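Here's the letter readout for the chains.
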Amino acid sequence: MSDKYMPANAEVVEILARKSERMRMLNDLKECKNFEDHQKLVKKYKILCANDKE
């Protein structure tokens, strides 16, 4: 028998969704050319995070 924990399907989906979101954020950050671009991203992700709390 293996000691490894087998996550439920919902956990796998949640883990993959988080990884996907982090990759999207990283790609957005890589595309920033200047401080103004960065500020736009901050505003965008603040709105998204606020919506997640609701």
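One can find the structure itself at the top, above this paragraph.
What you see is a predicted model; the values in this text were computed from it and never measured.

Asks: In this structure, what is going on with the environment of Met 25? I would like to understand it.
Replies: Its place among the elements puts Met 25 in helix H1 (residues 9–30). In this structure, the C-alpha to C-alpha distance between Met 25 and Ala 50, residues 25 residues apart in sequence, is 16 Å.

Asks: Is there a simple way to think about the side chain of Asp 28 in this case?
Replies: Looking at the element boundaries, Asp 28 is found in helix H1. Within polar-contact distance, the side chain of Asp 28 engages the side chain of Lys 44 at 3.2 Å. Ignoring any residue separated from it by four or fewer positions in sequence, one finds Asp 28 in contact with Leu 41, Lys 44 and Tyr 45.

Asks: For this particular structure, what's the right way to read the pattern of salt bridges?
Replies: Opposite charge on two side chains permits them to pair, given that their charged atoms come into close proximity. Within the structure shown, the criterion is met by 4 salt bridges. Between Glu 21 and Arg 24 there is a salt bridge whose closest N-O contact spans 3.2 Å. Of this pair, Glu 21 and Arg 24 both sit in helix H1, 3 residues apart, which is roughly one turn of that helix. Judged by its relative accessible area of 31%, Glu 21 falls in the partly exposed class. For Arg 24, a relative accessible area of 37% corresponds to the partly exposed category. A salt bridge links Asp 28 to Lys 44, with the nearest nitrogen and oxygen atoms 3.2 Å apart. Separated by 16 residues along the polypeptide, Asp 28 in helix H1 and Lys 44 in helix H2 (residues 35–53) bring together distant segments of the chain. The exposure class of Lys 44 is partly exposed, given its relative accessible area of 36%.

Analysis parameters
Per chain, residues are indexed from 1 in the order of the written sequence. The model is predicted, so local features are restricted to residues of pLDDT at least 70 and side-chain atom pairs to those at 80 or more, both for listing and for counting; the totals for chains, interfaces and linings are taken over all residues. With hydrogens and water excluded, all non-hydrogen atoms of the structure serve as input to the side-chain values. Here a helix means four or more residues in a row that DSSP labels H or I, a strand means two or more in a row labelled E, and each is numbered from the N terminus. Nitrogen and oxygen atoms within 3.5 Å of one another constitute a polar contact, given that in protein one can donate a hydrogen and the other can accept it, and given that sequence-neighbouring residues count only through two side-chain atoms. Pairs of residues are marked as contacts when any of their non-hydrogen atoms sit within 4.5 Å. The working definition used for a salt bridge is a side-chain nitrogen of Lys or Arg within 4 Å of a carboxyl oxygen of Asp or Glu. Relative accessible area decides the class of each residue, using a 1.4 Å probe on protein chains only: under 20% of the type maximum gives buried, over 50% gives exposed, and in between gives partly exposed.

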